[in-house]
Amino acid sequence: MANQGAKKRRDENTRHMNNLFRLIIASNAIFLLLRAGVFYSTFTWLHWIGLILTSGAYYICYNQLASMAKPTYTDDGDLLDGGFDMSTGGACGYLHDVIYITCFVQLTSIISGKFWWIYAVIPAFAVYKGWGLIKGFLPQGSEVVEEDEKTRKKREKMEKKASRGKFVKAKAR
């Protein structure tokens with residue numbers, strides 16, 4: 001019963017990676033079958049570039065996820081770790097998002113080439129997240145804000161109150 005959690009995670013990761021592999025193969029097969037087979041009259045070299053682009057995105061993301069999901073074994077062959085938990089967010093979640101967006105773009109581009117613009121979501125989100133990271137390192141300048149009369153009086157009252165010492169009442173004996 002030892003390492004039961006690691007065995008369970010290994011099996012979940014294997015099943016999950018097999019499902020992702022099937023999704024990738026099915027998306028590529030459907031794209032080639034419909035776009036190059038059925039709509040062959042409008043199939044151009046740009047569609048080949050699109051297929052190469054999506055296959056590259058699949059390859060990079062899938063290999064990264066496969067290396068994360070790979071279990072660790074001891075020298076004796078016993079299971080030490082079942083691999084990374086694929087249900088967590090962070091980089092693992094982003095890689096899954098790229099795979100799913102790529103699948104969506106590839107399948108919907110069969111209908112119209114305008115669906116390739118959905119790929120702009122990936123770099124736009126990366127810029128958004130990167131800006132939040134960069135903004136944390138930038139110095140925050142103090143902005144001089146003019147305060148109105150009411151706010152100024154309230155601040156002065158609070159400062160005056162804070163400068164006074166606090167008195168503690170003692171019982172008279």
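Note: the structure precedes this text.
Computed from a predicted structure; not experimentally measured.

1. Comments concerning the pattern of salt bridges
In this structure the tally under the stated criterion is four salt bridges. One salt bridge in this structure joins Glu149 and Arg152, with 2.2 Å as the shortest N-O distance. In this pair, Glu149 and Arg152 both sit in helix H5 (residues 149-163), three residues apart, roughly one turn of the helix. Between Arg155 and Glu159 there is a salt bridge, and its shortest N-O distance comes to 3.1 Å. In this pair, Arg155 and Glu159 both sit in helix H5, four residues apart, roughly one turn of the helix. Residue classification places Arg155 among the partly exposed residues on the basis of a relative accessible area of 34%. With relative accessibility at 45%, the residue Glu159 sits in the partly exposed group. Each of Glu149, Arg152 and Glu156 takes part in a single network of salt bridges with overlapping partners.

2. Digging into the nonpolar core
Of all hydrophobic cores here, the largest spans 15 residues; its most connected members are Met17, Leu20, Leu65, Met68, Met86 and Ile99. Only helix H1 (4-38), helix H2 (45-69) and helix H3 (91-108) provide two or more residues apiece to this core. Broken down by element, this core gets its largest block of residues, six residues, from H2. For Ile99, the contacting residues outside a window of four places in its chain are Leu20, Leu23, Tyr58, Cys61, Tyr62 and Leu65.

3. Points about the packing of aromatic side chains
With the rule as written, the count across this model stands at six aromatic pairs. Each ring, one from Phe43 and one from Trp48, has its centre 5.1 Å from the other, and the planes form 80°; the classification is edge-to-face. Since its relative accessible area comes to 17%, Phe43 is described here as buried. A residue is classified by how much of its surface remains accessible, and Trp48, at 45% relative accessible area, is partly exposed. Where Trp116 meets Tyr119, the ring centres are 6.1 Å apart and the plane angle is 35°; that geometry is what we call tilted. Assessed through its relative accessible area of 21%, Trp116 is described here as partly exposed. When its relative accessible area of 14% is taken as the criterion, Tyr119 is described as buried. What links up through ring pairs into an aromatic cluster is the set Tyr94, Phe125 and Tyr128.

Analysis parameters
- Residues numbered from 1 in each chain as written.
- Predicted model: local features only at pLDDT ≥ 70, side-chain atom pairs only at ≥ 80, totals over all residues.
- Heavy atoms only, no water.
- Salt bridge = Lys/Arg side-chain N within 4 Å of Asp/Glu carboxyl O.
- Helix = DSSP H or I, 4+ residues; strand = E, 2+ residues; numbered from the N terminus.
- Buried < 20%, exposed > 50% of the residue type's maximum accessible area, 1.4 Å probe, protein only.
- Core = buried A, V, L, I, M, F, W, Y, C linked by side-chain atoms within 4.5 Å.
- Contact = heavy atoms within 4.5 Å.
- Phe/Tyr/Trp six-rings, centres within 6.5 Å; stacked < 30°, edge-to-face > 60°.

Structural measurements only, silent on function.
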